[in-house]
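# Per-entry structural report
Chain residues, written in single-letter form:
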Amino acid sequence: SGGDYMATGMLTEVGECNGEVTPRLKAVQQFLSQAGRCDVTDKLLGTRWTKVLINATASGMSAALGCDYGGVLDRENAMLALARIGDECVRVAHGKGVKLTVVD
């Protein structure tokens, strides 16, 4: 049912940019949990930069080519461009001291 999906399917993560878990953050989590699953993270910037990496590479390339991700994976020149864009994103994140995170 829809209620089950809201409890287990959709995830919202909240965090402070400095990684602290504050009372304010716990209050935001409690409020947002009324609408679905909400977790506190101490890796907010890493998650943000990981999402930038995904959007700049796979999402951006599929939008530019007008295809799905599979269409990007099937084109060698698209994969080369994707790799260069990804490399730049990783270099910038690491240059800012951000550790990228693993996402589903």
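Look up: the structure comes first, before these words.
Predicted model only: the values in this text are computed from it and were never measured. (Residues numbered from 1 in each chain as written. Predicted model: local features only at pLDDT ≥ 70, side-chain atom pairs only at ≥ 80, totals over all residues. Heavy atoms only, no water.)

## So, the overall build of the protein chain
Broken down by element type, the protein chain carries 5 helices and 2 strands. Ordered by position from N to C terminus, the α and β elements of the protein chain give α-β-α-β-α-α-α. Against the globule reference of 13 Å for 104 residues, the protein chain gives a C-alpha radius of gyration of 17 Å, more extended than a compact globule. Its C-alpha atoms give the protein chain principal-axis dimensions of roughly 50 × 40 × 15 Å. Per-residue burial over the protein chain gives 26% buried out of 104 residues. (Helix = DSSP H or I, 4+ residues; strand = E, 2+ residues; numbered from the N terminus. Rg over C-alpha atoms; globule rule 2.2 N^0.38 Å. Buried < 20%, exposed > 50% of the residue type's maximum accessible area, 1.4 Å probe, protein only.)

## What to know about the environment of leucine 100
Structurally, leucine 100 can be placed in the segment after helix H5 (76-95). Sequence-wise, leucine 100 and leucine 53 are 47 residues apart; in three dimensions their C-alpha atoms are separated by 9.2 Å. In this view, leucine 100 contacts Gly46, Trp49, Thr50, Leu53, Val90 and Ala93; residues no more than four positions away in its chain are not counted. (Contact = heavy atoms within 4.5 Å.)

## Some words on the packing of helix H3 (residues 44-65) against H5
As a packed pair, H3 and H5 sit with axes 9 Å apart at the nearest point and diverge in direction by 160°. When the axes of H3 and H5 are compared, the pair comes out roughly antiparallel. Two packed elements cross with a definite hand, and for H3 against H5 that hand is right-handed. Two secondary-structure elements touch here, H3 through Trp49, Leu53, Ala56, Thr57, Ala58, Met61 and Leu65 and H5 through Ala78, Ala81, Leu82, Ile85, Gly86, Cys89, Val90, Val92 and Ala93. In the contact of H3 with H5, the residues fall into 14 nonpolar, 2 polar and no charged. (Axes fitted to C-alpha atoms, helices over the stretch in contact; angles between N-to-C directions. Parallel < 35°, antiparallel > 145°, perpendicular 65-115°, else oblique. Left-handed = near helix turned anticlockwise from the far one by under 90°. Nonpolar A, V, L, I, M, F, W, Y, C, P; charged D, E, K, R; others polar.)

## Overview of the environment of valine 28
Relative to the helices and strands, valine 28 is located in helix H2 (residues 23-32). Separated by 14 residues in the primary sequence, valine 28 and valine 14 have C-alpha atoms spaced 7.8 Å apart.

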